[in-house]
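Read off the chains here:
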Amino acid sequence: DRDVTGVQTCALPIFFGGASRVGYPVWHMLLVSFAMAVGIAAGKIAISLISAFAITFFRFPFRKLAFWTIFLTLMLPVEVRIIPSFAVVSSLKLVNTYGGLTLPLIASATATLLFRQVFAAIPDELVEAARLDGAGPLAFLRDMVLPVSRANIAALFVILFVYGWNQYLWPLLAASSPAYTTVVLGIVQMIAPDQMTPWNLVMATTTLALLPPVAVVVALQGAFVRGLTETDK
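An account of the accompanying structure is given in this report. Sequence order sets the numbering: in each chain, residues are counted from 1 along the sequence as written. The predicted nature of this model means local features are confined to residues of pLDDT at least 70 and side-chain atom pairs, given and counted, to a pLDDT of 80 or more, with totals for whole chains, interfaces and linings taken over all residues. Side-chain metrics rest on all non-hydrogen atoms present in the structure, leaving aside hydrogens and water.

The next thing to look at is the overall build of the protein. Helix numbering and strand numbering both begin at the N terminus, where a helix is a DSSP run of H or I of at least 4 residues and a strand a DSSP run of E of at least 2. Counting its regular elements, the protein contains 13 helices and zero strands. Whether a residue is buried, partly exposed or exposed follows from its accessible area with a 1.4 Å probe, protein chains only, as a fraction of its type maximum: under 20%, in between, or over 50%, in that order. Out of the 233 residues in the protein, the part that is buried amounts to 37%. Only heavy atoms matter for contacts: two residues are in contact if any of them lie within 4.5 Å across the pair. The contacts in the protein between residues at least 6 apart in sequence include a share of 75% that link residues at least 24 apart. We get accessible surface area from the Shrake-Rupley algorithm with a probe of 1.4 Å; when it comes to residues, only the shown protein chains can shield them. When the accessible surface of the protein is split by element, carbon and sulfur atoms take 69% of a total near 12,900 Å².

Structure, rendered in structure tokens:
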């Protein structure tokens, strides 16, 4: 359907067909955003979990220096390291790939700090008992550490999923191909300053873009609250 200005007004073609000024339907952009958000959240949690586990339970030279070095990276947001990050991704030929969208963003000092605080609350007697029972590091991580970290993992997944879903600057640089356009970029590209903007389609796409983060928050809200408020481990 088209109005008197020739602007497409039906929302169904933009969801199932080609989106204006983007070239791909909205469902495709939603899938790209979902893959990027899940990849960033899962990667951040996995790396932070392992790094916090190593810093907390292993004794090696410069252990505290390693922790504070990780902690100091909080002072370097994505905007500060955007140029060297893009140079590395480009040299590795990861531009316009899902790896290029996710890998530079999966390191998280905040998640490492939160996991370290949880692991530090585990009594030394429990660690010694596990060692006497013959449990190796991986067994201790699987049987002792992960069960007490489930609420924190769920809370971090919610936060990091929303963080990855809302990314704009990095996908703008790392995904020049329309095939890797996220829904956030797609909404911006649908706004045409030089012609009549189909605001009905923009608002419909914006509403669709809100649904996955809301669904994740609703599905994990119980564990999210426990992860933020639970102190007795």
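Any pair of Phe, Tyr and Trp rings, taking the six-membered ring for Trp, is counted once the centres come within 6.5 Å. Such a pair is stacked with planes under 30 degrees apart, edge-to-face with planes over 60 apart, and tilted for the rest. Counted by the stated rule, this structure contains 11 aromatic pairs. When the centroid spacing of 5.2 Å and the interplanar angle of 50° are considered together, the rings of Phe-53 and Phe-57 count as tilted. Remark: Phe-57 and Phe-53 occur in helix H2 (residues 26-57); sequence separation between them is four residues, near one turn of the helix. Taken together through their ring pairs, the aromatic side chains of Phe-53, Phe-57, Phe-58, Phe-115, Phe-119 and Phe-140 make up a single cluster. In this arrangement the basic side chain of Arg-116 is found over the ring face of Phe-67, its NZ or CZ atom lying 4.4 Å from the centre. As a reminder, the over-ring test applies to NZ of lysine and CZ of arginine, requiring each to be within 6 Å of the ring centre and within 35 degrees of the ring normal.

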